[in-house]
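# Structural overview
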Amino acid sequence: VTMYNMDAKLKYTESIDNLASRISIRSLTQKDIKKGIKEAIVKQGKRTIAGFECDEYLSYHINNKGAKRPRVLIYATKGLALPKSMEIACAKLTDCPPGLGFPVRLQICESITDKATKTSGYRLQQMLNTNKADPGKIDDQMFIEPTGFKSARDEMEIMMGAPPP
């Protein structure tokens, strides 16, 4: 993946795996694994989103006593007929398991407690929502790298448009 700052004429390239390693909305941490926490992904049903039939999955973290904590609702479609490499990259960049299809909607299950009633539950927080997806041909010219860009050291330099002080 290459990011560009068009005004500062800077570019920064990072691998999909390096970017994905910093994204964690579902995956278990090393601390979780040491505590014996496991993950389960359960198919819940189907739903149409942006005109595509999607499978709905719920990711749970399960502690060593069997208590389940919902983590993420994943809606994925295989209806976009993407190249396998693109589907895998999208799964990695959204912290979804590969093989489910293209992630169309992601909702994080956020633990909450009502202060007045002291009851606890979960609130869904939208992380990704696809409103429209149209099939079409992408012009190969879009993948030609622009010239005249200097390499940035990191993402911060790309966002700021200059090296940090």
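Residues numbered from 1 in each chain as written. Predicted model: local features only at pLDDT ≥ 70, side-chain atom pairs only at ≥ 80, totals over all residues. Heavy atoms only, no water.

### Focus: the pattern of salt bridges
Worth spelling out the cut-off: Each salt bridge in this description consists of a side-chain nitrogen of Lys or Arg and a carboxyl oxygen of Asp or Glu lying within 4 Å of one another. The way it works is that DSSP assigns letters per residue, a run of H or I at least four long becomes a helix, a run of E at least two long becomes a strand, and they are numbered from the N terminus. Under the scheme applied here, a residue whose accessible area is under 20% of the maximum for its type counts as buried, over 50% as exposed, and between as partly exposed, the area being computed with a 1.4 Å probe on protein chains only.
According to the stated counting rule, one finds 12 salt bridges in the structure shown. Residue Glu 87 pairs with Lys 84 through a salt bridge whose shortest N-O separation is 3.6 Å. A residue pair is termed a helical-turn pair when its members lie 3 or 4 positions apart in one helix, as Glu 87 and Lys 84 do in helix α3 (residues 84–93) at three residues. Its relative accessible area of 53% is what places Lys 84 among the exposed residues. Where Glu 110 meets Arg 123, a salt bridge forms, and the shortest distance between an N and an O atom there is 3.0 Å. You can see Glu 110 sitting in strand β6 (residues 102–113) and its partner Arg 123 sitting in strand β7 (residues 120–129), a full 13 residues away along the chain. On the accessibility criterion, Glu 110 (27% relative accessible area) is partly exposed. Here the salt bridges share partners, and the residues they tie into one network are Lys 43, Lys 46, Glu 53 and Asp 55.

### A look at the nonpolar core
Where we set the bar: Take the buried Ala, Val, Leu, Ile, Met, Phe, Trp, Tyr and Cys residues and link them wherever side-chain atoms come within 4.5 Å; each set so joined is a nonpolar core.
Ranked by size, the top nonpolar core spans 10 residues in total: Ile 25, Tyr 57, Val 72, Ile 74, Ala 76, Ala 91, Cys 96, Leu 100, Leu 106 and Ile 108. Looking at this core, the elements with two or more residues in it are β5 (68–77) and β6. No other element matches the three residues that β5 contributes to this core. Judged by nonpolar contacts, the second largest core, of nine residues, contains Leu 73, Tyr 75, Val 104 and Cys 109.

### Digging into the packing of aromatic side chains
Rule in force here: Aromatic pairs are defined between Phe, Tyr and Trp rings, using the six-membered ring for Trp, whenever the two ring centres lie within 6.5 Å; interplanar angles under 30 degrees are classed as stacked, those over 60 as edge-to-face, and all others as tilted. Charge over a ring is defined by NZ of Lys or CZ of Arg lying within 6 Å of the ring centre and within 35 degrees of the ring normal.
Scanning the entire structure with this criterion turns up one aromatic pair. Over the ring of Tyr 60 we find Lys 68, and its NZ or CZ is 5.0 Å from the ring centre. The side chain of Arg 105 reaches across the aromatic face of Tyr 75, ending 5.9 Å from its centre.

### Structural notes on the sheet that holds strand β8 (residues 150–151)
Spelled out, the test is: Two strands qualify as a pair provided that DSSP identifies no fewer than 2 bridges between them.
A sheet is described by the order of its strands in space; here three strands give the open sequence β1-β2-β8, paired in mixed fashion. The open sheet has two edge strands with one neighbour each: β1 (2–5) and β8. One ladder, built from four bridges, connects β1 with strand β2 (residues 10–13); its direction is antiparallel. Paired with Thr 2 across the two strands is Thr 13, which belongs to β2.

### Some words on the pairing of β2
Of the two faces of β2, only the one carrying Leu 10 and Tyr 12 is buried; Lys 11 and Thr 13 on the other face are not. Hairpin remark: β1 followed by β2, antiparallel, with four residues in the connecting loop; positive phi at Lys 9, about 55 degrees. Examined bridge by bridge, β2 and β8 share two bridges and lie parallel to one another. Within β8, the position partnered with Lys 11 by the bridge is Ser 151.

### A look at α3
Among all positions in α3, only Glu 87, Ala 89, Cys 90 and Ala 91 are buried. Of the residues one or two after α3, Asp 95 is the one with positive phi, at around 60 degrees.

Structural measurements only, silent on function.
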